[in-house]
Amino acid sequence: MNSRSLARALLASVALAASIVLAGCDTDQVSLATNAKANQPVSPKLVAAMGEKDMDLNSPILIRLFKQEAELEIWKQTRSGQFALLKTYPICRWSGDLGPKVREGDRQAPEGFYSINPSQMNPQSAYYLSFNTGFPNAFDRALGRTGSQLMVHGDCSSRGCYAMTDEQIAEIYSLGRESFFGGQKAFQFQAYPFRMTPVNMAKHRNNPNMPFWRMIKEGYDHFEVTRQEPKVDFCEKKYVFDAAKAPDAKRDPVFDASAKCPAYVIPEEIASAVREKEQRDEAEYNKLVARGTPVARMNTGIDGGMNKIFASKIPEGSTGLSDGAEGNTIQMLAMSKAPGTIPGTVNPPKPNFEPTAAAPQGEPVVAVSAPATNTRVASVAPAEKSGFFSNLGRKMGFGTADTTATTPPPKATASVTPAPAAVTPPSAASRLKAAVTRFVPGHHDAAKDKPAVAAKPAEPAKPAETRVAATRPALKPSVNDGSGENAQMAGAAPVVSSNSFDSRFGALK
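The paragraphs below set out a description of the structure included in this document. (Residues numbered from 1 in each chain as written. Predicted model: local features only at pLDDT ≥ 70, side-chain atom pairs only at ≥ 80, totals over all residues. Heavy atoms only, no water.)

Digging into the overall build of the chain
Helix and strand counts for the chain stand at 19 helices and 12 strands. Counting every position in the chain, which comprises 509 residues, the buried fraction comes to 41%. Once local pairs closer than 6 in sequence are excluded, the contacts in the chain between residues at least 24 apart make up 66%. (Helix = DSSP H or I, 4+ residues; strand = E, 2+ residues; numbered from the N terminus. Buried < 20%, exposed > 50% of the residue type's maximum accessible area, 1.4 Å probe, protein only. Contact = heavy atoms within 4.5 Å.)

So this is what it looks like as structure tokens:
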């Protein structure tokens, strides 16, 4: 037991000594010293889940991440040698658009296959804990793509990174640490725009990134059919998965991302399984396209996304480019517990109001249909013309809801009493009734109250405001609800406090 403890301590020292100076999502210098955050044990609940799934604490891990679903998956190797899903984490915030990172400063979170070794683990990140994704890899560099310090970290804030809550990154970090203690030299990080299903491929079939997505889908399929970490190489500025030397070759093929591909083969058991899956997926894809599956519209004015569980906890929260939730689903999520602490400075994706202004320049009609409907309704009432009797009828409360709402309540009260004389010549009975109304105590007040009831529809804004408030999620004490003098209008730029992520960020990604 003592020898095992000593070996573990030595291995931990080697892993920490290998950690180079890294930053969270900024360029601050950090020390190599150990700290309590980086050494938190894996939770007993997660250890129990490993036991149920036939996994060892120190067995290798693999990470898959999906932007559109805003989810990060931790896969762990079982005692059978295959990987199985251990846990799925909702992503608090990611930035940019669906698609790969191209250049420094484009705010894009990377997509592709990356390798994470102990030197990329940052125990003293400015954003709690983090690990560097390793962007750019050899494929990215061959295409001239630039960027640095692209991380998975805490603090729920992102400018080119994938941000979790501090509690989430602590658990993810500990799982990576334990895999290194178990002897894994590096774990694979696979980042996708969405789950590479036929439905999603059909929805995004017109996206200019589709050739790249089809290429990385091959690696997705290799993992799906084998449940093994695919071997990744690059040549001719493309990805190659599970390449092996040809039967007649004397040495393993040497790959260069910018050079011609060497002679290689893919083991037949893998190639045939992948081929069958691709054929099934392509057949389903063709059916969906023939059936007229709607194409996902290109988005403008939205920076990234966040999982709906986090959006439900933030005032005016939006899932952005991630899958959202509507109606009762949001209300139900608002009552559920968030997976970690959401900082008060979190900046959710902004709702997409830009297409409305850009409509004359050719934005899709669907992007502006809702605002246009509201505009037309608001402009009809002032332009409407009518005669004396119709105006009088509306003032008495017999008009439509829209026109009644535009009539000031005081005028409606003042003009109600003469209304019967304008419609029917007064009879003896009516003159007697009018006299009673004028002189009998109590009748006069009742007559004045009636128009007030009819004028109540003049406040249509209140029901609308009540409905919005009812769907707004319950707030945590640490989250500002946007009320008071600093309250934002819909679509306005969020107010970022001085200690926010943006003010701390040192270099654009």
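Remarks on the sheet that holds strand S7 (residues 130-132)
One open sheet holds the five strands; their spatial order is S4-S9-S8-S7-S6, and the pairing between them is mixed. Each edge of the open sheet carries a strand with a single partner, namely strand S4 (93-94) and strand S6 (121-122). In the sheet, S6 pairs with S7 via two bridges, with the strands oriented antiparallel. Bridge pairing in S7 links Met 121 to Phe 131. (Pairing = 2+ DSSP bridges.)

Considering unusual backbone geometry
Of the consecutive residues Phe 135 and Pro 136, the connecting peptide bond is found in the cis state with omega at 0°. Along the chain, the position of Pro 136 falls in the loop between S7 and helix H3 (138-142). Despite not being glycine, Arg 227 has its phi angle at roughly 55°, a positive value. Mapped onto the elements of the fold, Arg 227 is located in the loop between helix H6 (210-226) and strand S11 (232-235). What makes Arg 227 partly exposed here is its relative accessible area of 24%. A positive phi angle, close to 60°, is found at Glu 316, a residue other than glycine.

Re the pattern of salt bridges
Taken as a whole and assessed by the stated rule, the structure comprises 20 salt bridges. Lys 101 is the partner of Asp 106 in a salt bridge, and the nearest nitrogen-oxygen pair spans 2.6 Å. Judged by relative accessible area, which is 18%, Asp 106 ranks as buried. Measuring nitrogen to oxygen at the nearest pair gives 2.9 Å for the salt bridge that ties Lys 217 to Asp 281. Remark: Asp 281 occurs in helix H7 (residues 268-290) and Lys 217 occurs in helix H6; sequence separation between them is 64 residues. (Salt bridge = Lys/Arg side-chain N within 4 Å of Asp/Glu carboxyl O.)

Focus: helix H2 (residues 44-52)
Among the residues of H2, those classed as buried are Leu 46, Ala 49 and Met 50. Around the axis of H2, the buried residues are gathered within 105° of arc, so they sit on the same side. Those residues of H2 that are exposed and angled more than 90 degrees off the buried face are Pro 44, Lys 45 and Glu 52. Along its buried surface, H2 packs onto strand S2 (71-77), strand S3 (83-90) and helix H4 (166-181). Residue Asp 54 follows H2 closely and has a positive phi angle near 65°. (Arc of directions from axis to C-beta.)

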